[in-house]
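# Chain and residue survey
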Amino acid sequence: MSNKKHAIVNVRLLDPATDTDTVGGVLIEAGKILDWGEHIKADEMPEGCEIEDGGGHCLIPGLVDAHAYLCEPGKEHRETMQTAGLAAAAGGITTINAFPATEPVIDDPSLVEMVRRRAAVSCPVNIAITGALTKGLQGLEMAELGLLSEAGVVAFSDGQYAINDINLMRRALAYSTMFEKPIIVHAEEPYLAGSGMMTGGRTATFMGLKSIPAAAEAILVERDIRLVAMTGARWHAAHLSTADALNSIRRAKDQQINVTAGTAPHYHALNDLEVGEYRTFARVSPPLRTEEDRMAVVAAIADGTIDVISSQHLPQSADSKRLPFAQAKPGVIGLETMLPVSLRLYHNEQIGLLSLLRSMTVAPAKLLGLDAGSLAPGKSADICLFDLNKPWKVDGSNLLSKSKNTAFDGHLLQGRVLKTWVQGNPVFEYKD
Amino acid sequence: MTHIDETRFAHRHLLDIARLSAADIDTLLNVAEGYVSKSRAGDKKHSLLRGRTQINLFFENSTRTRTSFELAGKRLGADVINMSVGSSSVKKGETLIDTAMTLNAMHPDVLVIRHSDSGAPHLLAQKVDCAVINAGDGSHEHPTQALLDALTIRNHKGKLAGLTVAICGDILHSRVARSNIALLNIMGARVRIVGPTTLIPSNAKTLGVEVYHSMKEGLKDADIVMMLRLQTERMQGAFVPSIREYFHYFGLDKEKLSVARDDVMIMHPGPMNRGVEIDSEIADDLNISLINEQVEMGVAVRMACLDLLSRGDQS
């Protein structure tokens, strides 16, 4: 990194951590934010300082994506830390929380060390690591939460699998309190979910696809809320999608129970009609819900019931998607589109810009205990410049992720990342 | 031979520590102390319980406790019968009460029972005419273990009151822990329990202890550290993730022990899992380990229990 001072001026500074929305600039030195605010202007910078004009666009702390699958090690044909990092940078994300569903599963401290080293040399953005909650993600035996924690994981999760055994869940929650790290859950009652692939409702019935009742989500959320109340553990629902489950979270928060909730852009932007002619790129887990549920997700983001928006980036190769709907693998990529898709909520006047950005910066940073997601002096200069209004059409084949399974192919979006810096170094720059 | 101590013991059975008074415990320990030297003598055999019958009824496998009770009874001159579950009618489906009534008809003077269900000795005591000694019931109590631990501590520290005792490991399932917590509280010691959140009852504080989940904090300035055995079936992912993680956080080694008092002593009820809850370097260090002495005190304490419980029915 360059030790030279570097200023980005003439930008709209948006820092959710301090509720700041003002015009000014950021001064960077040695990879860190030296100063920021209204007083950072081109004509007031010291001599020798490199000055970059932001053209009045929005400058924000780099986004923290609390939930993504990077596929490395073991599934490099779908994604690598490098391709995921490039896609993230293009989406304004400077820290990715990598989930442990790799091969081998990240359930051993030595693997955490390996991933960290690999990320340092090959990934252009920061990688945080979530360790497995159970050995091999099998849901049978607790993983070594303590040793994983010492190796540096920021959370524990079994990714796409809910813990079926309620006693195991109780003990894992109790055990995790010793390490003060959150358990991130896939909130879906496994027996009710079964081999279902669509949300229960008219569309699934009409199409003849096996369905998962919306209640499967609320049942698991309610179960876990009671276990959290018993154990005092930190618990986060990775991606909620139904009105019922969100009401449960709302009640739990009112009762001061230590739970937080997340969702993904596809749950606030799409509903089950997106499946259309059996489009497997719209197959996700949990499934896309009805319009009523989608509206409930939007309302929950607006009222703070949902704390975090994360990409739930899950690359799938073309051959695992080019199959009959029932056989296709669930999952969509989302690193590059998380911000622009979520900006719809702002453009539709459903949520304020700072509140929306909070769910992708300070809120996930707080959840994961990361020193990221804000613009304070001394922080690593992980920042993103974006054009709030620029319209564009998503073309899956142009996305940087190695797999192209986006649910937003052909969608018109408003807002585009122009440039992303990690530790003061540019890692992405938009070219028309 | 005459009694070592003329004190009367106001209990018909020894079912748990919780119902004993400080005076009861003092009496038991004082009488036991006398039996220590007698057990070290060449001629260990006495006639105090001559003609009496002691039945050891073990529904759970045990080597050291059963042997200890057998030796205690024999050294006092009693006729000792061992019944273990493998060879008994229990295997044929007999209920606990039927077994008790059958044995009762043979007029034993003392029944020593170990059972995997908490409260089994209490049920037995309601049904038989003789004294019942609890040699361990489920996760409830193991009173003679707590007494032998107390005697061992008293030998070295001269007292129990005011000492800081840290009991470490699987508190949730441990009858040894419950008996020791009760005894040490009655005698005025300060009791701490240390273990992972999964192996400590969530309302443990109601037992009158300080709860710690870190050895460094729990062992600070401790006079006595008692380690508990971690059952194999609890090691692999159910209550703790692995042996290596358990040892890393809760296995007693020199480093974790360094925060305790300089004259700290280590205890373990046995059998030990070396490298799981205790490092061999500590277990075998005769300057700090009381583990072998605990076994010796066990025989003396059980002799004292048999002695005191037999006095009541003479009168």
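Bear in mind that the values here come from a model prediction, so they are computed numbers and not experimental data.

### Focus: the overall build of chain A
A tally of regular secondary structure across chain A gives 14 helices and 18 strands. Radius of gyration (C-alpha) of chain A: 21 Å, near the 22 Å computed for a compact globule of 432 residues. With respect to the three principal axes, the spread of C-alpha positions in chain A is 65 × 45 × 45 Å. Counting all 432 residues of chain A, 62% fall into the buried class. Put simply, of all contacts in chain A between residues at least 6 apart along the chain, 75% involve residues at least 24 apart. Here chain A contributes 40 positive and 51 negative side-chain charges, whose respective centroids are spaced 4 Å apart.

### A closer look at the overall build of chain B
Counting secondary structure elements, chain B contains 11 helices and 9 strands. In summary, chain B has a C-alpha radius of gyration of 19 Å against a globular reference of 20 Å for 315 residues, a match within 12%. Once the C-alpha set of chain B is aligned to its principal axes, its extents read approximately 55 × 45 × 35 Å. Considering chain B as a whole, with its 315 residues, one finds that 59% of them fall into the buried category. The long-range fraction of contacts in chain B, counting pairs at least 24 apart against all pairs at least 6 apart in sequence, stands at 73%.

### A closer look at the nonpolar core
Trp-235 of chain A together with Val-225, Leu-252 and Leu-257 of chain B are the most contacted members of the largest nonpolar core, which has 112 residues in total. The next biggest cluster of nonpolar side chains, apart from the first, holds 63 residues, and it includes Leu-29, Val-31, Leu-147 and Val-191 of chain B.

### Remarks on empty space enclosed by the protein
Taken as a whole, this structure holds 8 cavities of 30 Å³ or more when the rule is applied. Approximately 90 Å³ is the volume attributed to the largest cavity. Taken together, 11 residues form the lining of the largest cavity, with Arg-52, Asp-109, Val-110, Leu-306 and Ser-310 of chain B sitting closest to its centre. For the lining of the largest cavity, the element with the most residues is helix α11 (residues 291–312) of chain B, which contributes 3 residues. There is about 70 Å³ of room inside the second largest cavity. Lining the second largest cavity are Gly-62, Val-64, Thr-94, Thr-95, Asp-371, Ala-372, Gly-373, Ser-374, Lys-379, Ser-380 and Asp-382 of chain A.

### Digging into unusual backbone geometry
Residue and element names in this part refer to chain A. Along the chain, Glu-103 connects to Pro-104 via a cis peptide bond; the corresponding omega equals 0 degrees. Note that Pro-104 resides in the loop between β7 (93–98) and α2 (109–122). The residue after Ser-285, namely Pro-286, is reached through a cis peptide bond having omega -5 degrees. Of note, the phi angle at Gln-312 is positive, near 50 degrees, even though the residue is not glycine.

### Regarding the pattern of salt bridges
Close approach of charged atoms allows side chains with opposite charge to pair. Residues and elements named next belong to chain B. Going through the model one piece at a time under the given rule, you end up with 37 salt bridges over all chains. Between Lys-157 and Asp-263 there is a salt bridge; the shortest N-O distance is 3.7 Å. Residue Lys-157 is located in helix α5 (residues 143–157), and its partner Asp-263 is located in the loop between α9 (254–257) and β9 (265–267); the two are separated by 106 residues in the primary sequence. Asp-263 sits in the partly exposed class, given a relative accessible area of 37%.

### Re the packing of aromatic side chains
To describe a pair of aromatic rings, one takes the distance between the centres and the angle between the planes. Within this structure, the stated rule accounts for 5 aromatic pairs over all chains. With centroids separated by 6.5 Å and ring planes inclined at 50 degrees, the aromatic side chains of Tyr-249 of chain B and Phe-250 of chain B adopt a geometry described as tilted. For Phe-250 of chain B, a relative accessible area of 3% puts it in the buried group. Aromatic rings pair up to connect Tyr-175 and Phe-179 of chain A together with Tyr-246, Tyr-249 and Phe-250 of chain B into one cluster. Positioned above the aromatic ring of Trp-392 of chain A is the side chain of Arg-416 of chain A, whose terminal nitrogen or guanidinium carbon lies 3.7 Å from the ring centre.

### Topic: the interface of chain B and chain A
Counting from both sides, the interface comprises 16 residues of chain B and, opposite them, 18 residues of chain A. Both sides together, the interface formed by chain B and chain A hides about 1,400 Å², and carbon and sulfur atoms give 52% of it. At the boundary of chain B with chain A, the tally comes to 2 salt bridges. Scanning the region where chain B abuts chain A turns up 12 residue pairs in polar contact (both at pLDDT 80 or more).

### Looking at the side chain of His-6 of chain A
Residues and elements named next belong to chain A. When you line up the elements, His-6 lands in strand β1 (residues 6–15). For His-6, the side chain forms a polar contact with the side chain of Glu-52, separated by 2.8 Å. When sequence neighbours within four positions are dropped, the list of residues in contact with His-6 reads Val-26, Leu-27, Ile-28, Cys-49, Glu-50, Glu-52, Trp-421 and Gly-424.

### Points about the pairing of strand β2 (residues 20–29) of chain A
Residue and element names in this part refer to chain A. With respect to burial, β2 is a largely interior element, 7 of its 10 residues being buried. Alignment of β2 against strand β3 (residues 32–37), held across 5 bridges, turns out to be antiparallel. In the strand pairing of β3, Gly-25 is matched with Gly-37. Between the end of β2 and the start of β3, which pair antiparallel, lie 2 residues, with Ala-30 showing a positive phi angle near 50 degrees.

Analysis parameters
Residues numbered from 1 in each chain as written. Chains lettered and ligands numbered in written order. Predicted model: local features only at pLDDT ≥ 70, side-chain atom pairs only at ≥ 80, totals over all residues. Heavy atoms only, no water. Helix = DSSP H or I, 4+ residues; strand = E, 2+ residues; numbered from the N terminus. Rg over C-alpha atoms; globule rule 2.2 N^0.38 Å. Buried < 20%, exposed > 50% of the residue type's maximum accessible area, 1.4 Å probe, protein only. Contact = heavy atoms within 4.5 Å. Lys, Arg positive; Asp, Glu negative; His and termini not counted. Charge placed at Lys NZ, Arg CZ, Asp CG, Glu CD. Core = buried A, V, L, I, M, F, W, Y, C linked by side-chain atoms within 4.5 Å. 1 Å grid on protein atoms, 1.4 Å probe; cavity = no way out; pocket = protein on both sides within 12 Å on 5 of 7 lines; lining within 4 Å. Points joined across faces, edges and corners; volume = space filled by probe spheres on them. Salt bridge = Lys/Arg side-chain N within 4 Å of Asp/Glu carboxyl O. Phe/Tyr/Trp six-rings, centres within 6.5 Å; stacked < 30°, edge-to-face > 60°. Lys NZ or Arg CZ within 6 Å of the ring centre and 35° of its normal. Buried area = accessible area lost by both parts, 1.4 Å probe. Polar contact = N/O pair within 3.5 Å; in protein donor to acceptor, adjacent residues only side chain to side chain. Pairing = 2+ DSSP bridges.

Scope: geometric values only; no functional claims are made or implied.
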